[in-house]
Amino acid sequence: MAKLIEGKIVAKKILENLSDEILFLEKKPCLAVIIAGDDAASKIYVNSKKKKAEELGIKSVVIELPQNCTQQEILEKIYTLNNDDSVNGILVQLPLPPQINAKEVVEKIHPLKDVDGLHPYNLGQIAAGNKPHAYPCTPKGIIRLLEYYDISIAGKHAVIIGRSNLVGRPLSLMLLNENATVTVCHSKTKNLSQITQQADILVSAAGQRNLVKADMVKDGAVVIDVGINRQEDGKLCGDVDFWGAEPRASYITPVPGGVGPMTICSLMQNTFDLYKIQNKI
Ligand code: NAD
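Definitions and cut-offs
- Residue indices begin from 1 for each chain and proceed along its sequence in written order.
- For a predicted model such as this one, the threshold for reporting local features is a pLDDT of at least 70, and the threshold for listing and counting side-chain atom pairs is 80 or more; totals across whole chains, interfaces and linings nevertheless cover every residue.
- In computing side-chain properties, one takes all heavy atoms of the structure into account and sets aside hydrogens as well as water.
- The set of buried Ala, Val, Leu, Ile, Met, Phe, Trp, Tyr and Cys residues whose side-chain atoms join them within 4.5 Å is what this entry labels a nonpolar core.
- The buried label goes to any residue with under 20% of its type's maximum accessible area, the exposed label to any with over 50%, and the partly exposed label to all in between, with areas taken from a 1.4 Å probe on protein chains only.
- Every helix listed is a DSSP run of H or I at least four residues long, and every strand listed is a run of E at least two residues long, numbered separately from the N terminus.
- Working rule for contacts: check all heavy atoms of both residues, and any pair within 4.5 Å makes them a contact.
- Put simply, a residue is near a molecule or strand once any heavy atom of it comes within 4 Å of that molecule or strand.
- Two N or O atoms form a polar contact when they lie within 3.5 Å of each other; inside protein one atom must be a possible hydrogen donor and the other a possible acceptor, and for residues adjacent in sequence the pair counts only when both atoms belong to side chains.
- Throughout, the Shrake-Rupley method with a 1.4 Å probe supplies accessible areas, and for residues the shown protein chains are the sole cover considered.
- Each residue gets one label: Ala, Val, Leu, Ile, Met, Phe, Trp, Tyr, Cys and Pro are nonpolar, Asp, Glu, Lys and Arg are charged, and the others, such as Gly, are polar.

(A) Region of the structure containing the nonpolar core. Ranked by internal contacts, the top residues of the largest apolar core, which has 50 residues, are L175, I224 and M268. It is helix 10 (residues 259–278) that contributes the most residues to this core, nine residues altogether. In contact with M268, not counting residues within four places along its chain, are L15, L18, L31, K49, K52, A53, L56 and I58. Ranked by size, the runner-up nonpolar core spans 18 residues in total, among them L65, L75, I90 and I100.

See below:
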């Protein structure tokens, strides 16, 4: 039987410490979030980020733009926030409306205010084996979970399903920097199960319900499920067949309550870390 990796509890502990540190600051950190359009899920995510920031004593500014906004309007908001010394972190909620070039938007955020860690400068620093100003939130949350549970990474074979800039790609580099042997799988990968069966650490970030079945998991593997999918009954589930994989794994994350809470925790930590860099603390 696997040990449950309880991201919800780990995130709560990290955030309690963060809140104590913020309490003593005279000038509080500030997170600015730009949301464009009517995407219902994005609005829920932005509200929960704002609520969490305020609970911790982080100021939050939400800038809402209409669905038909232009590239120029978003870029002007970013330039204003880049030049506003009272703002420490800038987050652009994705996805953006179809007329917007999201890549250009992310690239225009100042790397020192790139709280999501998605700017090519910060991703490039990770690729070069250096420390970025901020790490992407979900991969950072996963590494912290492994550290918290004393799961060693060096020398392990880590298999990641998914190569997005948000999760799989930066996580592969971060695990490599921690001396794992890393294999990245994606939608064009052949014989997925033969590869996953070799994983000491198996991370699924594909967004496909039931993608990882019990027989794809090596005995004793650490299974990290990043996927967020909906079941027929509306409940959330991950990519992994949890009850099939659980008896084989040594550690496993639940969905919900595993990686998800760590992502928002990393966002808050990044806001504070950028504040410290900007204020030379
Ligand atoms: P994405 O759609 O950008 O990328 C998915 C990746 O999975 C792609 O690289 C694709 O090639 C790969 N993939 C898809 N189907 C596959 C298959 N059958 N076999 C092998 N590879 C396959 O998605 P994303 O933004 O990286 O998010 C992935 C999942 O993680 C989604 O469910 C998303 O909701 C979730 N997510 C969760 C958190 C969290 O905090 N828990 C954070 C970010 C994303």
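Read on, since the account is not over.
(B) Local environment of the site of the ligand. Around the ligand sit 21 residues in total, of which R163, S164, S187, I228 and T263 are the nearest. Here an oxygen atom of the ligand and a backbone polar atom of S187 are 2.9 Å apart. Note that an oxygen atom of the ligand is positioned 3.0 Å from one of the backbone N or O atoms of I228. Starting from 850 Å² of accessible surface for the ligand in isolation, the protein chains cover 72%. Sort the elements by how many residues they give to the shell around the ligand and helix 10 lands first, with three residues. Across the shell around the ligand, the residue classes break down as 10 nonpolar, 10 polar and one charged.

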